[in-house]
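Now for the letters of each chain:
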Amino acid sequence: MSQETPERVGFFTDTSVCIGCKACEVACKEWNAIPEDGLSLTGMSYDNTEALGASTWRHVAFIEQPRPDGRTELPLAEGGATAQETVVDGSGDMRWLMSSDVCKHCTHAACLDVCPTGSLFRTEFGTVVVQEDICNGCGYCVPACPYGVIEQRPADGRAFKCTMCYDRLGVGQSPACAKACPTESIQFGPLDELREKAALRVDELHAAGVPEAHLYGHDPDDGVGGDGAFFLLLAEPEVYGLPPDPVVTTRDLPAMWKHAGAAALSLLGGVAVSFALAGRGRR
């Protein structure tokens, strides 16, 4: 008796209700036994992890920017309550945008395309995982990622990134970060259902007077075929350190190999003709 293939699952991160508590960062590190990466404060914000990396699989960004319209409240995802935006100076003209970033688990994942050992593979849940015992530390996946997510650990050179808690998924549990999030900013579930919920949330925010709310990474027709981890943002992607139009970096590989093959055949043909002419001349 054949078993049904599990639905593709993913993350929907609603940044409008993120409070920057970093519970997701802590839960991720504890469950996956990720090494600590210090407290390298930049002096520019309360962000101590700065970016995603081999030892930071969840990164909560603290972004300070002018408040767009003097608004002081945002509606929560459930009910009629509101969430206070954080005021960072006495005038009330500034705000913090907070967002928990993670590997996007792309539909068309360039890291998979370039991995020579099969260390990177796509799971039955549609997620992308690194098998650390197979990784040879070549580093090809690092520049291949259009989001700059995957990184090598300096100690041994192997690559690491979010696994979406593959071990937990296998026993029917949700990832540690989503489980720990107190405001449900990080939502986990079947990807199609999350996209429907996200669209409704955007409509809710627009109706509440937040026209800048929009989704990022949800479109299956974008440059990576849609992300398995997508976001509701309150500013342009660049503000959050995200590329505005990500494209799978191996998109042109088939055409490149085709042209290379044609060039090789032409070269071999030219060599064969040269030998044939040389043989005639000797005769």
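Above this text you will find the structure in question.
The text that follows walks through the structure, step by step, so that each part is easy to find.

1. Brief notes about empty space enclosed by the protein
Under the counting rule described, the total for this entry stands at 4 cavities of 30 Å³ or more. Space inside the largest cavity adds up to approximately 120 Å³. Together, 16 residues line the largest cavity, and Cys103, Cys106, Ala109, Cys111 and Cys145 are the ones closest to its centre. When grouped by side-chain class, the residues that make up the lining of the largest cavity number 12 nonpolar, 2 polar and 2 charged.

2. Comments concerning the sheet that holds strand E10 (residues 186-190)
The strand order E10-E1-E12-E11 describes an open sheet built from 4 strands, whose pairing is mixed. Across the chains shown, the open sheet's two edge strands, defined by having one partner strand only, are E10 and strand E11 (214-216). Shown here is a sheet whose adjacent strand axes are inclined to one another by a mean of 25°, direction ignored. When strand E1 (residues 9-14) meets strand E12 (residues 229-233), the two strands line up parallel, connected through 4 bridges. Paired with Asp14 across the two strands is Leu232, which belongs to E12. Most of the contacts of helix H6 (residues 191-207) go to E10, to which it runs at about 135°, and overall it touches E1, E10, E11 and E12.

3. Observations concerning unusual backbone geometry
The phi torsion of most residues other than glycine is negative, and most of the peptide bonds are trans. A positive phi is found at Lys22, a non-glycine position, where the angle reads about 70°. Looking at where Lys22 falls in the secondary structure, it is placed in the loop between E1 and helix H1 (23-32). Using a relative accessible area of 14% as the deciding quantity, one classes Lys22 as buried. Within the chain, Glu50 stands out as a residue other than glycine whose phi angle is a positive 70°. Looking at the secondary structure, you find Glu50 in the loop between H1 and strand E2 (59-66).

4. Some remarks on H6
Compared with the 24 Å implied by 1.5 Å per residue over 17 residues, the 25 Å span of H6 between its first and last C-alpha is a close match. Of the residues flanking the end of H6, it is Gly209, one or two places downstream, whose phi is positive at about 90°.

5. Quick notes on the nonpolar core
Burial of nonpolar side chains together is a common tendency in soluble globular proteins. Membership of the largest hydrophobic core comes to 63 residues, with the highest contact counts inside it found for Phe11, Leu120, Leu232 and Tyr240. Discounting chain neighbours no more than four positions away, the residues touching Leu120 are Cys111, Leu112, Cys115, Val128, Val129, Val130, Cys141, Ile150 and Lys161.

Parameters and conventions
- Residues numbered from 1 in each chain as written.
- Predicted model: local features only at pLDDT ≥ 70, side-chain atom pairs only at ≥ 80, totals over all residues.
- Heavy atoms only, no water.
- 1 Å grid on protein atoms, 1.4 Å probe; cavity = no way out; pocket = protein on both sides within 12 Å on 5 of 7 lines; lining within 4 Å.
- Points joined across faces, edges and corners; volume = space filled by probe spheres on them.
- Nonpolar A, V, L, I, M, F, W, Y, C, P; charged D, E, K, R; others polar.
- Pairing = 2+ DSSP bridges.
- Helix = DSSP H or I, 4+ residues; strand = E, 2+ residues; numbered from the N terminus.
- Axes fitted to C-alpha atoms, helices over the stretch in contact; angles between N-to-C directions.
- Contact = heavy atoms within 4.5 Å.
- Buried < 20%, exposed > 50% of the residue type's maximum accessible area, 1.4 Å probe, protein only.
- Expected span 1.5 Å × (residues − 1).
- Core = buried A, V, L, I, M, F, W, Y, C linked by side-chain atoms within 4.5 Å.

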